Amino acid sequence: MKKIIGLIILGICTFSFAQNNNFGKNPAAGKILHLKDADIYYETYGKGEPLFLLHGNGGSIEAFAKEIPELSKHFRIIAMDTRGQGKSTDISKEPLTYRKFADDVKRLADELKLKKINIFGWSDGGNTALEFAIKYPGQTNKIITSGANVFPAGVGQNEVEAMKRDVAEKTAQQKPPSEIRLVQLMIDEPNITKEQLNHIKAKVLVVAGENDLILRSHTEYIAKEIPGSRMKIYKGASHGVPIERAEELSKDIIEFLSK
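The structure contained in this document is the topic of the report that follows. (Residues numbered from 1 in each chain as written. Predicted model: local features only at pLDDT ≥ 70, side-chain atom pairs only at ≥ 80, totals over all residues. Heavy atoms only, no water.)

This part takes up the environment of Lys36. By the secondary structure assignment, Lys36 is in the loop between strand 1 (30–34) and strand 2 (39–45). Overall, the relative accessible area of 81% leaves Lys36 in the exposed class. For the pair formed by Lys36 and Gln184, sequence separation is 148 residues and the distance between their alpha carbons is 23 Å. (Helix = DSSP H or I, 4+ residues; strand = E, 2+ residues; numbered from the N terminus. Buried < 20%, exposed > 50% of the residue type's maximum accessible area, 1.4 Å probe, protein only.)

This part is about the pairing of strand 4 (residues 76–80). Most of strand 4 is tucked away, with four of its five residues classed as buried. Summarising the sheet, strand 2 and strand 4 pair through four bridges and their orientation is antiparallel. Residue pairing across strands places Tyr45 opposite Ile77, the latter belonging to strand 4. Pairing analysis gives five bridges linking strand 3 (residues 50–54) to strand 4, with the strands arranged parallel. In the strand pairing of strand 4, Leu54 is matched with Met80. (Pairing = 2+ DSSP bridges.)

Right, let's get into empty space enclosed by the protein. Enumeration over the complete set of coordinates arrives at two cavities of 30 Å³ or more. Computed from the structure, the second largest cavity encloses a volume of approximately 100 Å³. Along the walls of the second largest cavity sit 15 residues, with Leu54, His55, Thr82, Phe101 and Thr128 positioned nearest its centre. For the lining of the second largest cavity, the secondary structure elements donating two or more residues are helix 3 (98–111) and helix 4 (124–135). (1 Å grid on protein atoms, 1.4 Å probe; cavity = no way out; pocket = protein on both sides within 12 Å on 5 of 7 lines; lining within 4 Å. Points joined across faces, edges and corners; volume = space filled by probe spheres on them.)

Here eight strands make up an open sheet; going across it, the order is 1-2-4-3-5-6-7-8 and the pairing mixed. The open sheet has two edge strands, strand 1 and strand 8 (230–234), and neither has a second partner. Neighbour-to-neighbour, the strand axes of the sheet open up by a mean angle of 20°, direction not taken into account. Bridging between strand 7 (residues 203–209) and strand 8 involves five bridges; their strand directions are parallel. What sits directly across from Val206, in strand 8, is Met231. The sheet contacts of helix 4 involve strand 3, strand 5 (117–122) and strand 6 (140–146), and relative to strand 5 the element is tilted by about 145°. (Axes fitted to C-alpha atoms, helices over the stretch in contact; angles between N-to-C directions. Contact = heavy atoms within 4.5 Å.)

The structure is reproduced here in structure tokens:
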């Protein structure tokens, strides 16, 4: 059980990435957006239509080390570390929310003077992408989610209870508040309603692994409730589709955004 929780929190960043990349720590491509309560680190690659890459809980830009080289041939990639993760900071005290993460994406898009953006979000990043599409429909073009959920039990009630026990243990062990907040986020959020999904105007591709942590029924529910959305289940893959099926996923993203 703890292994499963760890995979969610780390956004599968414990997988072996290519050793010759410096994504997530590239001073030539990296910049910082200074906000009132956070510094958001991001890197840009390529030219063309903007595509934001949003990683999973506890992860960083490095999560997309296998996608960036190919996707940057076709799009202007904006890969960002979510607040309090990777090289981004966070001094806020209130509970974390995916809506706040979506607000950070909005601020970065505005900073870069981008009127409309595409987003590929993995796990927590997918949740943030959906929140962005709901809150900022006029600035959303297309969305791709991998292993997203729209309410906590999308990972199964047993996993939610396991995360609650994990928070209790971390609290008792006096772990850093930032670490506890990230787990608590997945217990409390997201809380996206059926009506909100029904009103998403953006074109959406819903992706998951055949053996994803997200329940298949939940992935199917998301795809069903978003008008005109498409769904793809990657056979044999886990929650780590961007690592396990990087080449196929990149091809699917390019095809979806190019239509």
